[in-house]
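Take a look at the letters that make up each chain.
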Amino acid sequence: MATTMETQTELQTLRAIPDEIQQNQSRSSADRERDHNDADTAPEDAVSANTAPDGGYGWIIIASCALLTFNFSGFTGCWGVLQAHLLETSMSNIPTSTIVWIGSIGPAVSVLFGLVSVRLTRLFGSRQGAILGVLLLGFAQILSGFATKNVGALFAASGAMTGLGFSFLYTISNTLAAQYFIARLGTANGLIKLGGGVGATVLALASEAMIQHFGIAWTFRLLGFMTLATGLPAAALLKDRSRPRNVPFLELSMFRNLSYTAAFIGGALATFTLFVPAFFLPSMARSVGLSSKTGAALLAGYNVCNAFGRFASGPICDRIGPHNTVVIGMILSAVSMLAIWPFSSNLTLLSVFAVLNGIANGSFFVTMPTVVATMFGPARAAVAMSQAITGWTMGYLVGPPIAGYLIQGTKMDGVGTLQPYRAAIFYAGGTTAASAVFVMLARFSMERKVLKRV
């Protein structure tokens, strides 16, 4: 009986072989090429995906990346304070829209060079890339202290050079955690981004205090010294678990995935308005009759809520899924901009807006990297994310200046009121609502069930 069963099994196996050959022959050349590429990266992918410790030295990596994020997100978060004082002192004769360009160039350059920084980081390692990023950012801030009366020099230092530093630090902080965490990736990203929220809060208050005591020029320099003193030790602690060198510079086949394409568009639209509240809350507070210290405190409160949104959205991603979390965040952001911000002509309503929008805004920086990382896995996460953030370039570059032009165009229509800012507010709210539509499309293209974890 056993011999008969074995013979039947062998016959079934032999019959299956032609079917398998036919299936293999019918596969497209693109599928075979993709399998070849997957085979090339399989050992490194296995290292990242199957043996990620979800802890251990990974927590040192998270702490170091959080400190790096503290510095580069902190500088962006305090730009509204720096910008307000530049417009009141050494650059009072420069249009608001021009100064806003300086603040937007840094984030724009950082994402524009995202693919380049990924490639260089893979060649030389995350530690070396982070050290270079810290040096660029720190010296850019110091040089900005000598350029507070020269618009062109400030564009070069606080804009372009800062952006190059941002690019390395942003890329590393978004991708290195995926080498150490899988089940807790959302929490890990949340802790890293929490560092940026804390940095934006602390530096918004610290920069206002330093300006009052030392002036705007020395504030830039002190920020640079702080970046070098804290960033270089953090960068030195970074360590790659694997560095797949054969990962392509671009992987445009990812755009065949409808969810990835929709998330790409949604993220690109969101970046047009992400920094609009942070850049203009201090000057908006002055416009409705509040003091500069109140404006700085309002921005600090916004950044506290931003930090909370970054931290809380990480565990929420792990619990209900990153796609669900990003949808909730974008809807909350759109509602706060369209239903509350246009009527925030007093401190109470401005504070309510700062709380809700700050939380929603902060969640974006955690949920988007987590969405992309979970779509394609650790080995392809860096390329997928760098492609996605490259699409953010235009939004980072022209988003806040568009708001600045809209404010400048209505500046004389209302003094002591919110009227000069209404066009910019509705521009920001409308663009955010459009972004929410695309992230919802990304989510429901993955899973149509509303209560499903995605």
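For every chain, the first residue of the written sequence is number 1, and numbering continues from 1 along that sequence. Restriction of local features to residues with pLDDT of at least 70 applies here, the model being predicted, together with a cutoff of 80 or more for giving and counting side-chain atom pairs; totals for whole chains, interfaces and linings are based on all residues. The side-chain quantities take in all heavy atoms of the structure and omit both hydrogens and water.

In the annotation of an unreviewed UniProt entry, the entry for the protein reads Major facilitator superfamily (MFS) profile domain-containing protein, and the organism field reads Meristemomyces frigidus. UniProt positions are given in the numbering used here, feature names are shortened, and annotations may be inferred rather than shown by experiment. The annotation that UniProt attaches to the protein under Sequence similarities (unreviewed entry) is "Belongs to the major facilitator superfamily. Monocarboxylate porter (TC 2.A.1.13) family." Regarding the protein, the relevant UniProt record gives this comment under Subcellular location (unreviewed entry): "Membrane".

## Considering the overall build of the protein
Strands are runs of DSSP state E lasting at least two residues, helices are runs of H or I lasting at least four, and both sets are numbered from the N terminus onward. Looking only at helices and strands, one finds 18 helices and 0 strands in the protein. Only protein chains enter the accessibility calculation, which uses a 1.4 Å probe; a residue is then buried when its area is under 20% of its type maximum, exposed when over 50%, and partly exposed in between. Counting every position in the protein, which comprises 454 residues, the buried fraction comes to 54%. When contacts within the protein are restricted to residue pairs at least 6 apart in sequence, long-range pairs at least 24 apart make up 85% of them. Working definition of accessibility: Shrake-Rupley area with a 1.4 Å probe, residue cover restricted to the visible protein chains. Accessible surface, the protein as shown: approximately 18400 Å² in total, 67% of it carbon and sulfur. The contact criterion used throughout is that any non-hydrogen atoms of two residues lie within 4.5 Å.

## Focus on helix H12 (residues 276–287)
By definition here, a helix of n residues has an expected span of 1.5 Å times n minus one. With 12 residues, H12 should cover 16 Å at 1.5 Å per step; its first-to-last C-alpha distance of 16 Å lies within 8% of that length. In terms of burial, H12 is largely enclosed, as 10 of its 12 residues are buried. Within H12, the full set of buried residues consists of Val-276, Pro-277, Ala-278, Phe-279, Phe-280, Leu-281, Pro-282, Met-284, Ala-285 and Ser-287. The positive-phi residue at the C-terminal boundary of H12 is Gly-289, with phi of around 100°.

## Structural notes on the packing of aromatic side chains
Pairing of aromatic rings covers Phe, Tyr and the six-membered ring of Trp, with a centre-to-centre limit of 6.5 Å; geometry is then stacked below 30 degrees between planes, edge-to-face above 60, and tilted otherwise. For the coordinates displayed, the defined rule picks out 16 aromatic pairs. We count a charge as sitting over a ring when the NZ of a lysine or the CZ of an arginine lies within 6 Å of the ring centre and within 35 degrees of the ring normal. Here Lys-239 stacks its cationic end above the ring of Tyr-57, 4.4 Å away from the centre of that ring. Note that Arg-241 overlies the ring of Tyr-180, its terminal NZ or CZ placed 5.8 Å from the centroid.

## A look at the packing of helix H13 (residues 292–320) against helix H14 (residues 322–340)
Note on geometry: axes are lines fitted to C-alpha atoms, helical ones only across the stretch in contact, with angles between N-to-C directions running from 0 to 180 degrees. Look at H13 against H14: their axes get within 7 Å of each other, and the N-to-C directions meet at 130°. If you check the angle between H13 and H14, you find them oblique. In contact with Ser-313, Ile-316, Cys-317 and Ile-320 of H13, H14 contributes Pro-322, Asn-324, Thr-325 and Ile-328. Taken together, the residues of the contact of H13 with H14 sort by class into 5 nonpolar, 3 polar and no charged. Roughly parallel covers angles under 35 degrees, roughly antiparallel covers those over 145, roughly perpendicular covers 65 to 115, and oblique covers all other angles. Under the scheme applied, nonpolar residues are Ala, Val, Leu, Ile, Met, Phe, Trp, Tyr, Cys and Pro; charged residues are Asp, Glu, Lys and Arg; polar residues are all the others, including Gly.

## What about empty space enclosed by the protein?
The way it works is a 1 Å grid over only the protein atoms, where trapped points that fit a 1.4 Å probe form a cavity and open points with protein on both sides within 12 Å along at least five of seven lines form a pocket, and then any residue with an atom within 4 Å of a point lines it. Grid points are joined across faces, edges and corners, and a volume is the space filled by probe spheres set on the points. Here the structure, examined in full by the defined rule, presents 9 cavities of 30 Å³ or more. If you add up the space inside the largest cavity, you get close to 300 Å³. Forming the boundary of the largest cavity are 23 residues, of which Ser-73, Thr-76, Phe-275, Arg-310 and Phe-365 lie nearest the centre. Here the lining of the largest cavity takes 5 residues from helix H3 (residues 58–77), the largest share from any one element. Here the residues of the lining of the largest cavity sort into 11 nonpolar, 10 polar and 2 charged.

## Some details on a nonpolar patch on the surface
Think of a patch as exposed residues, more than 30% relative accessible area, with no salt bridge, where like charges cluster within 9 Å and nonpolar side chains (Val, Leu, Ile, Met, Phe, Trp, Tyr) cluster within 5 Å. By salt bridge we mean one thing: a side-chain nitrogen of Lys or Arg within 4 Å of a carboxyl oxygen of Asp or Glu. Nonpolar side chains collect at one region of the surface, where Leu-112, Phe-113, Val-116, Leu-120, Leu-123, Phe-124 and Leu-164 lie side by side and expose about 580 Å² of accessible area between them. For the nonpolar patch, the leading source of residues is helix H6 (residues 114–124), giving 4 residues. Residue placement: Val-116 occurs in helix H6. Exposure remark for Val-116: the relative accessible area of 37% places this residue in the partly exposed category.

## Topic: the pattern of salt bridges
Throughout the structure, instances matching the rule amount to 1 salt bridge. A salt bridge links Glu-88 to Arg-286; the nearest nitrogen and oxygen atoms lie 2.6 Å apart. Of this pair, Glu-88 sits in helix H4 (residues 79–88) while Arg-286 sits in helix H12, and the two are 198 residues apart along the sequence. On the basis of relative accessible area, Glu-88 is assigned to the partly exposed category, the value being 43%. When its relative accessible area of 39% is taken as the criterion, Arg-286 is described as partly exposed.

## Section: the environment of Ser-97
Mapped onto the elements, Ser-97 comes out in helix H5 (residues 96–112). Ser-97 sits 306 residues away from Ala-403 along the chain, and the two C-alpha atoms are 8.1 Å apart. Sequence-distant contacts of Ser-97, defined by excluding residues within four places in its chain, comprise Gly-404, Tyr-405 and Gln-408.

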